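What follows is each chain in one-letter form.
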Amino acid sequence: MKRKFKILYINHASRISGAERCMLRILDDIDRNSFEPFLVCPEGDLASEAQTRDTTVFRMPFVDYQSNRSNIRGRSVPNPFVALGHACWLLSIGRRIAKIIRQSYIDMVHANTLLARIPSQLGGIFSKTPVIWHIRDILPSRLWRALYNSAANSGISGIISVSDACRSQFSDQSKIWTVHDGISSDVFRERPEEASALRTIFGWGQQEVVFGIFGRITEWKGHREFIEAAIEINRRFPETRWLVVGEAWSEQERNFEKELRAEAVKGGLGERLIFTGFRNDVNNLMSTCDVVVVPSILPDPFPNTVLEGMSCSRAVLAFPVGGIPEAIEDGVSGRLVPENTASSLASAMAEMIKDPVLRHKIGINARRRVIENFNPAKTQRSIEQVYHLILKNEI
């Protein structure tokens, strides 16, 4: 009987966002004849979803070891005592992971998220087990980029990067593989009946042009630029409608959402704009839109929202940051807005409103591109090829 290799996935977050959706797709698509998956993550939605996918889950809390500052008299200052506490925590969780590796006879560790990198690496060192990182982040901090680059050069067997933009953060390119994420074109597809029903629920007509922004409400994802562009467009095309799909996680982000809501009201959007909060029917809501907007103002590694919108046959407008240009062919399968400003975004929106034929053509090309280049089966086989290459050298 063919031996199965045991892969231990490590994810620092419990809530399901982009990286966690990718994690679940791996569990859905992994070749169960060749690999047996295990998962370390905190208690929460991800753990529950993983268990429904016949995966052994070890629940373990994580801390943000990159945050080593304290607020003193209104100023954020480095705190060496916090850093020392995090160092002790890293050693402790590394040993706990090593214990799981030994007891479960794990063959390889796969760190799926940013804050899983160092704990996974320590677990691998303590247990003498190969470790790979899945790079889904572009870090703004030069210090942390340098630290992770140094760590990658000592003790990591390989790196899977979701985009060329992500992999450029590392000096040694010899053990990095770019594997773009994939999206199910069966799940994310145009759904005209559901879209029509949602427009009716929202009180909108079937012919009105709808723009939508999807994902966690946080400043760098460009929600302010979206609202400002919407206000500008509303003055010229008042029949246009707007969706903000997603929720804020932190207190700072909730305050930011309040600012956005106030700005939208002050700008005269009124009932033309709807904040939906967290939704599970993202595919239906994307079908409700004519255009999906991804206005990230900082480098976005390879956002799932771009592929999801494309797969739903929607024209996607996005700023050309991070890995986004690797997904969109400008003017063919999407539109890359040249300047990361609200006014530039509004100009691209106006173009989409005035040219429904172009919107439709881009949407058709976008779905075809996802099916041909970004399907989950292709992504999973590429990931497994990396597993085989590394395990072949390690065993």
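Now for a quick tour of the structure. Bear in mind that the values here come from a model prediction, so they are computed numbers and not experimental data. (Residues numbered from 1 in each chain as written. Predicted model: local features only at pLDDT ≥ 70, side-chain atom pairs only at ≥ 80, totals over all residues. Heavy atoms only, no water.)

A closer look at the sheet that holds strand 13 (residues 291-294)
(1) Moving on: Read across the open sheet, the 6 strands follow the order 12-11-10-13-14-15; overall the sheet is parallel. Looking at which strands have only one partner, the edges of the open sheet turn out to be strand 12 (273-277) and strand 15 (335-336).
(2) Moving on: As judged from the 5 bridges shared by strand 10 (residues 210-214) and strand 11 (residues 241-245), these two strands associate in the parallel manner. Paired with G212 across the bridge in strand 11 is L243.
(3) Moving on: Across the sheet, helix 8 (residues 223-236) is in contact with strand 10, strand 11, strand 12 and strand 13; its angle to strand 11 comes to roughly 170 degrees. (Pairing = 2+ DSSP bridges. Helix = DSSP H or I, 4+ residues; strand = E, 2+ residues; numbered from the N terminus. Contact = heavy atoms within 4.5 Å. Axes fitted to C-alpha atoms, helices over the stretch in contact; angles between N-to-C directions.)

Some thoughts on the side chain of H110
(1) Moving on: Mapped onto the fold, H110 is located in strand 6 (residues 108-111).
(2) Moving on: Overall, H110 belongs to the buried group, its relative accessible area being 0%.
(3) Moving on: Polar contacts involving the side chain of H110 include one to the side chain of Y387, which spans 2.6 Å.
(4) Moving on: Other than its neighbours up to four places away in sequence, H110 contacts I7, L8, Y9, I10, I26, I132, H134, I160, I383 and Y387. (Buried < 20%, exposed > 50% of the residue type's maximum accessible area, 1.4 Å probe, protein only. Polar contact = N/O pair within 3.5 Å; in protein donor to acceptor, adjacent residues only side chain to side chain.)

As for the pairing of strand 12
The two faces of the sheet receive side chains in turn, since in a regular strand these alternate between them.
(1) Moving on: Counting buried positions along strand 12 yields 4 of 5 residues, so the element is predominantly enclosed.
(2) Moving on: Here strand 11 pairs with strand 12 via 4 bridges, running parallel. From the neighbouring strand, V245 faces strand 12, where its bridge partner is G277.
(3) Moving on: Each parallel crossover has a hand, and for strand 11 linked through helix 9 (residues 251-266) to strand 12 it is right-handed. (Right-handed = clockwise from strand over helix to strand, strands pointing away.)

Let's talk about the state of the cysteines
(1) Moving on: The final tally for this structure, using the stated rule, is 0 disulfides.
(2) Moving on: Free cysteine C22: the closest other cysteine sulfur is in C166, separated by 11 Å. (Disulfide = S-S within 2.5 Å.)

With respect to the nonpolar core
(1) Moving on: The biggest cluster of nonpolar side chains holds 100 residues, and the ones touching the most others in it are W133, F211 and M349.
(2) Moving on: The element best represented in this core is helix 13 (residues 342-354), accounting for 7 residues.
(3) Moving on: Residues in contact with W133, not counting those within four places in the same chain, are A111, R117, I118, Q121, Y148, A151, A152, I156, G158, I159, I160 and F170.
(4) Moving on: The next biggest cluster of nonpolar side chains, apart from the first, holds 24 residues, and it includes I30, A47, V179 and L391. (Core = buried A, V, L, I, M, F, W, Y, C linked by side-chain atoms within 4.5 Å.)

With respect to unusual backbone geometry
(1) Moving on: Backbone geometry places D54, a non-glycine residue, at a positive phi of 55 degrees.
(2) Moving on: On the secondary structure map, D54 appears in the loop between helix 2 (45-51) and strand 3 (56-59).
(3) Moving on: A positive phi angle is found at K128, which is not glycine, with a value near 55 degrees.
(4) Moving on: Mapped onto the elements, K128 comes out in the loop between helix 4 (117-127) and strand 7 (131-135).
(5) Moving on: A relative accessible area of 77% places K128 in the exposed class.

Concerning the sheet that holds strand 7
(1) Moving on: With parallel pairing, the 7 strands of this open sheet are ordered in space as 3-2-1-6-7-8-9. Looking at strand neighbours, the two that pair on one side only are strand 3 and strand 9 (176-178), the edges of this open sheet. Neighbour-to-neighbour, the strand axes of this sheet turn through a mean angle of 20 degrees, independent of strand direction.
(2) Moving on: Across the sheet, helix 1 (residues 18-29) is in contact with strand 1 (5-10), strand 2 (35-41), strand 6 and strand 7; its angle to strand 1 comes to roughly 165 degrees.

Topic: the environment of A197
(1) Moving on: Mapping A197 onto the fold places it in helix 7 (residues 192-202).
(2) Moving on: Distance from A197 to E247, taken between C-alpha atoms, is 23 Å for residues 50 residues apart in sequence.

With respect to the pattern of salt bridges
(1) Moving on: Evaluation of the coordinates by the stated rule reveals 22 salt bridges.
(2) Moving on: Here E251 and R254 are joined by a salt bridge, their closest N and O atoms 3.3 Å apart. Of the two residues, E251 and R254 are both situated in helix 9; the distance of 3 residues between them amounts to about one turn of the helix.
(3) Moving on: Judged by relative accessible area, R254 falls into the partly exposed class, the value being 36%.
(4) Moving on: The partner of R369 in a salt bridge is E329, and the shortest N-O contact between them spans 3.8 Å. Of this pair, R369 sits in helix 14 (residues 356-373) while E329 sits in the loop between helix 12 (324-327) and strand 15; the two residues are 40 residues apart in sequence, bridging distant segments of the chain.
(5) Moving on: On the basis of relative accessible area, R369 is assigned to the buried category, the value being 16%. (Salt bridge = Lys/Arg side-chain N within 4 Å of Asp/Glu carboxyl O.)

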